[in-house]
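This is what each chain is made of:
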Amino acid sequence: MTNAPVPGGFSLSVLEKYLLRRGFAVRDRCLRDGTVLSIAAHSFLGEVVYPNPFYHYLERDRAEDTRRAAEEAAVLLDMEAGELRGAALAGYARTPAGFACRRCGGCCSMADAVHGRLTLEEVEYWREAGQERILRLVVPERRASYVLYTAWRNPRTGKHFAGCPWLHRGNGGETTCSIHAHRPLKCRSFPINREHGERGRCAGFHTVPESLSRPRGHDPAA
């Protein structure tokens, strides 16, 4: 099981991360009206199309988009929609085989972690949890038809921090996250697989027996 609660519950972002773990590849396509669609495609099963999870389209029904995408994905995976939702919530952040977090902080220095996008569900989750210290570093970028949420910006300068502001290093070089219980979905789900981890300079796969693999929620060092 993953750390509970999952920020925002079941969402397009949670579904997308689960599909990536199931062997789908995701690409984006921009329509003429400016809408950015995400296409999760599997070479044998087919594809699921849905609005990019990071764009909060003001005129779209986000819950309906999520429901439709989940139903389409369930058909491809030969599952019931409810079964898929449960599997996605339980497995979107499951540790890949052969991985054990070494608390090196490599993933925390990736550009997407330092100044990437956040989803509407994460922002609402932090707001409901009273996490104002996190929200102070999140900037909404408003457009005519959508809103984007960007992390992490210094509220005094408006500029991105040089590194993740929540990352702290001990004297021995080990790292800790000061918002670990409320960290973003992208942090919870890293790495999707070995290739993803190694692109992020993660040492967690090096000489680690597969028998040590376990769900992230059971790894206090994750």
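Residues numbered from 1 in each chain as written. Predicted model: local features only at pLDDT ≥ 70, side-chain atom pairs only at ≥ 80, totals over all residues. Heavy atoms only, no water.

Student: How should I be thinking about the nonpolar core in this particular structure?
Tutor: When a protein is soluble and globular, its nonpolar side chains tend to lie buried together. Ranked by internal contacts, the top residues of the largest apolar core, which has 22 residues, are Phe-10, Val-14, Leu-15, Leu-19, Leu-77, Leu-84 and Tyr-92. Residue assignment for this core shows that the elements contributing at least two residues are α1 (12–21), β3 (46–51), α2 (62–76) and α3 (81–91). In terms of residue count, α1 provides more of this core than any other element does, five residues in total. Core analysis: the next-biggest nonpolar cluster, separate from the first, contains 16 residues, Trp-126, Ile-134, Trp-152 and Ile-179 among them. (Core = buried A, V, L, I, M, F, W, Y, C linked by side-chain atoms within 4.5 Å. Buried < 20%, exposed > 50% of the residue type's maximum accessible area, 1.4 Å probe, protein only. Helix = DSSP H or I, 4+ residues; strand = E, 2+ residues; numbered from the N terminus.)

Student: Is there a simple way to explain the packing of α1 against α3 in this structure?
Tutor: Packed helices, taken two at a time, are described by their axes: the angle between them and the distance between them. Following both chains from N to C, one finds α1 and α3 inclined at 80 degrees, their axes separated by 9 Å at the closest point. Regarding the angle of α1 to α3, the classification is roughly perpendicular. Of the residues in α3, those touching α1 at Val-14, Leu-15, Tyr-18 and Arg-21 are Leu-84, Ala-87, Ala-88, Leu-89 and Gly-91. Its residues assigned to classes, the contact of α1 with α3 comprises seven nonpolar, one polar and one charged. (Axes fitted to C-alpha atoms, helices over the stretch in contact; angles between N-to-C directions. Parallel < 35°, antiparallel > 145°, perpendicular 65-115°, else oblique. Contact = heavy atoms within 4.5 Å. Nonpolar A, V, L, I, M, F, W, Y, C, P; charged D, E, K, R; others polar.)

Student: Sorry if this is basic, but what is going on with the side chain of Glu-122 here?
Tutor: Within the secondary structure layout, Glu-122 lies in helix α5 (residues 120–128). At 6.5 Å, Lys-186 is the nearest oppositely charged side chain to Glu-122, a buried residue that forms no salt bridge. Once residues within four sequence positions are removed from consideration, Glu-122 is found in contact with Pro-7, Pro-184 and Leu-185. (Lys, Arg positive; Asp, Glu negative; His and termini not counted. Salt bridge = Lys/Arg side-chain N within 4 Å of Asp/Glu carboxyl O.)

Student: How do you make sense of the state of the cysteines when you look at a structure like this?
Tutor: Formally, a disulfide is one covalent bond, and it connects the sulfur atom of one cysteine to the sulfur atom of another. As enumerated under the stated definition, the model contains zero disulfides in all. The cysteine Cys-177 is free of any disulfide, with Cys-164 supplying the nearest cysteine sulfur at 6.3 Å. For Cys-177, a relative accessible area of 30% corresponds to the partly exposed category. (Disulfide = S-S within 2.5 Å.)

Student: For this particular structure, what's the right way to read the pattern of salt bridges?
Tutor: Side chains bearing opposite charge may pair, as long as their charged atoms lie close to each other. Across all of its chains, the model carries 10 salt bridges by this definition. One salt bridge in this structure joins Glu-121 and Arg-62, with 2.6 Å as the shortest N-O distance. Taken together, the residues span a long stretch of sequence, with Glu-121 in helix α5 and Arg-62 in helix α2 at a distance of 59 residues. Of the two residues, Glu-121 and Arg-62, neither departs from the other in class, the shared state being buried. In this structure, the salt-bridge partner of Arg-153 is Glu-141, at a minimum N-O distance of 3.3 Å. Here Arg-153, found in the loop between β7 (146–150) and β8 (167–169), pairs with Glu-141, found in strand β6 (residues 139–142); they are 12 residues apart in sequence, far enough to count as distant. An identical accessibility class is assigned to Arg-153 and Glu-141; each is buried. Several salt bridges converge on common partners, so that one network encompasses Arg-60, Glu-64, Asp-65, Arg-67, Arg-68 and Glu-71.

Student: Looking at this structure, how should I read unusual backbone geometry?
Tutor: A negative phi angle is the norm for most residues apart from glycine, just as the trans form is the norm for most peptide bonds. Going from Ala-151 to Trp-152, the amide bond is cis rather than trans, its omega being -25 degrees. Counting through the fold element by element, Trp-152 comes out in the loop between β7 and β8. Look at Asp-78: it is not a glycine, yet its phi comes out positive at around 55 degrees. Secondary-structure assignment places Asp-78 in the loop between α2 and α3. On the basis of relative accessibility, which here comes to 71%, the residue Asp-78 falls in the exposed class. The phi dihedral of Arg-103 falls on the positive side, at around 55 degrees, and the residue is not glycine.

Student: What should I look at first to understand the environment of Leu-185 in this one?
Tutor: By the element assignment, Leu-185 lies in helix α7 (residues 185–188). When its relative accessible area of 1% is taken as the criterion, Leu-185 is described as buried. For the pair Leu-185 and Leu-118, spaced 67 residues apart in sequence, the C-alpha to C-alpha distance is 8.4 Å. Contacts of Leu-185, omitting those with residues within four sequence positions, involve Val-6, Pro-7, Ser-11, Ser-13, Val-14, Lys-17, Tyr-92, Thr-119 and Glu-122.

Student: Looking at this model, I keep getting lost on the pairing of β3. Mind explaining?
Tutor: One face of the sheet, then the other: side chains in a regular strand alternate in exactly this way. Relative to β3, strand β2 (residues 36–42) is paired through six bridges, and the arrangement is antiparallel. Across the sheet, Ala-41 pairs through a bridge with Glu-47, a residue of β3. Here β2 folds back onto β3 in antiparallel fashion, the turn holding three residues. (Pairing = 2+ DSSP bridges.)

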